Amino acid sequence: MMSDKFPMKSVSEALEDSLRASPGLLKRNSATVAAARSLALLIDDQAVQVSEGGRFDNTVFPTFLKFCEALGLTMEKKPDAKKPAEPKKPASKMDKFKGLKVV
(Lines give C-alpha, C1' and ligand atoms only; values in the text may rest on other atoms or scores of the structure.)
Protein backbone atom coordinates (compact mmCIF):
# COMPACT_ATOMS: atom_id res chain seq x y z
CA MET A 1 0.00 0.00 0.00
CA MET A 2 1.31 3.46 -0.91
CA SER A 3 0.59 4.98 2.52
CA ASP A 4 2.81 2.34 4.16
CA LYS A 5 5.72 3.27 1.92
CA PHE A 6 5.11 7.01 2.18
CA PRO A 7 3.57 7.89 5.55
CA MET A 8 2.26 11.42 6.10
CA LYS A 9 5.19 13.70 7.00
CA SER A 10 6.15 17.32 6.81
CA VAL A 11 8.03 18.43 3.71
CA SER A 12 11.16 18.90 5.86
CA GLU A 13 10.96 15.34 7.20
CA ALA A 14 10.33 13.91 3.75
CA LEU A 15 13.27 15.88 2.33
CA GLU A 16 15.56 14.46 5.03
CA ASP A 17 14.38 10.93 4.14
CA SER A 18 15.15 11.60 0.48
CA LEU A 19 18.58 13.02 1.29
CA ARG A 20 19.44 9.96 3.42
CA ALA A 21 18.39 7.69 0.55
CA SER A 22 20.63 9.53 -1.97
CA PRO A 23 24.17 8.19 -1.65
CA GLY A 24 25.34 10.14 -4.71
CA LEU A 25 25.22 13.53 -3.01
CA LEU A 26 28.61 15.11 -2.42
CA LYS A 27 30.02 17.90 -0.26
CA ARG A 28 29.71 20.25 -3.25
CA ASN A 29 25.92 19.79 -3.02
CA SER A 30 25.86 21.40 0.45
CA ALA A 31 24.56 24.80 -0.65
CA THR A 32 21.78 23.24 -2.73
CA VAL A 33 20.82 20.98 0.18
CA ALA A 34 20.77 23.98 2.53
CA ALA A 35 18.54 25.94 0.14
CA ALA A 36 16.19 22.98 -0.26
CA ARG A 37 15.98 22.62 3.52
CA SER A 38 15.13 26.32 3.90
CA LEU A 39 12.38 26.06 1.31
CA ALA A 40 11.02 22.88 2.94
CA LEU A 41 10.77 24.70 6.27
CA LEU A 42 9.06 27.63 4.53
CA ILE A 43 6.53 25.26 2.92
CA ASP A 44 5.84 23.59 6.26
CA ASP A 45 5.40 26.99 7.90
CA GLN A 46 3.09 28.19 5.11
CA ALA A 47 0.91 25.10 5.50
CA VAL A 48 0.24 26.17 9.08
CA GLN A 49 -0.37 29.80 8.09
CA VAL A 50 -2.82 28.85 5.34
CA SER A 51 -4.82 26.73 7.74
CA GLU A 52 -5.00 29.79 10.00
CA GLY A 53 -6.26 31.98 7.14
CA GLY A 54 -2.91 33.45 6.02
CA ARG A 55 -1.83 34.10 2.44
CA PHE A 56 0.03 31.44 0.49
CA ASP A 57 3.12 32.03 -1.65
CA ASN A 58 2.66 29.80 -4.69
CA THR A 59 6.23 30.28 -5.96
CA VAL A 60 7.84 28.27 -3.16
CA PHE A 61 6.70 24.84 -4.39
CA PRO A 62 8.11 25.08 -7.93
CA THR A 63 11.34 26.55 -6.56
CA PHE A 64 11.63 23.72 -4.02
CA LEU A 65 11.05 21.16 -6.79
CA LYS A 66 13.80 22.77 -8.89
CA PHE A 67 16.24 22.30 -6.00
CA CYS A 68 15.09 18.69 -5.57
CA GLU A 69 15.59 18.14 -9.29
CA ALA A 70 19.10 19.62 -9.10
CA LEU A 71 19.89 17.14 -6.32
CA GLY A 72 18.48 14.22 -8.31
CA LEU A 73 15.60 13.67 -5.88
CA THR A 74 12.74 13.80 -8.38
CA MET A 75 11.40 10.97 -10.48
CA GLU A 76 12.26 10.89 -14.12
CA LYS A 77 9.23 10.94 -16.35
CA LYS A 78 8.62 7.61 -18.01
CA PRO A 79 7.80 7.75 -21.71
CA ASP A 80 4.12 7.33 -22.42
CA ALA A 81 3.76 3.90 -24.02
CA LYS A 82 0.38 4.81 -25.48
CA LYS A 83 1.66 7.88 -27.32
CA PRO A 84 1.18 7.31 -31.06
CA ALA A 85 4.21 7.48 -33.31
CA GLU A 86 4.54 10.60 -35.40
CA PRO A 87 3.35 10.03 -38.97
CA LYS A 88 6.05 9.98 -41.62
CA LYS A 89 6.18 12.97 -43.92
CA PRO A 90 5.57 12.18 -47.57
CA ALA A 91 8.77 12.10 -49.60
CA SER A 92 9.62 15.36 -51.34
CA LYS A 93 10.60 15.51 -55.01
CA MET A 94 14.24 15.91 -53.94
CA ASP A 95 14.05 12.81 -51.73
CA LYS A 96 12.61 10.83 -54.63
CA PHE A 97 15.41 12.10 -56.89
CA LYS A 98 18.08 11.11 -54.35
CA GLY A 99 16.64 7.60 -54.24
CA LEU A 100 17.08 6.96 -57.97
CA LYS A 101 19.83 4.58 -58.99
CA VAL A 102 22.11 5.28 -61.93
CA VAL A 103 22.33 2.29 -64.26
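Look up a bit, the structure's there.
Residues numbered from 1 in each chain as written. Predicted model: local features only at pLDDT ≥ 70, side-chain atom pairs only at ≥ 80, totals over all residues. Heavy atoms only, no water.

> How would you sum up the pattern of salt bridges? Please name residues and give values.
Scanning all chains against the criterion turns up three salt bridges. In this structure, Arg 37 engages Glu 16 in a salt bridge whose closest nitrogen and oxygen atoms are separated by 2.6 Å. Of this pair, Arg 37 sits in helix α3 (residues 30–51) while Glu 16 sits in helix α2 (residues 11–20), and the two are 21 residues apart along the sequence. Relative accessible area serves as the criterion here: at 37%, Arg 37 is assigned to the partly exposed category. Between Asp 17 and Arg 20 there is a salt bridge, and its shortest N-O distance comes to 2.4 Å. Note that Asp 17 and Arg 20 are positioned in helix α2 at a spacing of three residues, about one turn of the helix. Taken together, the shared-partner salt bridges connect Lys 9, Asp 17 and Arg 20 into one network. (Salt bridge = Lys/Arg side-chain N within 4 Å of Asp/Glu carboxyl O. Helix = DSSP H or I, 4+ residues; strand = E, 2+ residues; numbered from the N terminus. Buried < 20%, exposed > 50% of the residue type's maximum accessible area, 1.4 Å probe, protein only.)

> Could you give an account of the nonpolar core, with specific residues and numbers?
Core analysis: the largest hydrophobic core is formed by 11 residues, namely Leu 15, Leu 19, Val 33, Ala 36, Leu 39, Ala 40, Ile 43, Val 60, Phe 64, Cys 68 and Leu 71. Mapped by element, the contributors of at least two residues to this core are α2, α3 and α4 (60–70). With five residues, α3 is the single largest residue contributor to this core. The residues contacting Phe 64, other than those within four sequence positions of it, are Val 11, Leu 15, Ala 36, Leu 39, Ala 40 and Ile 43. (Core = buried A, V, L, I, M, F, W, Y, C linked by side-chain atoms within 4.5 Å. Contact = heavy atoms within 4.5 Å.)

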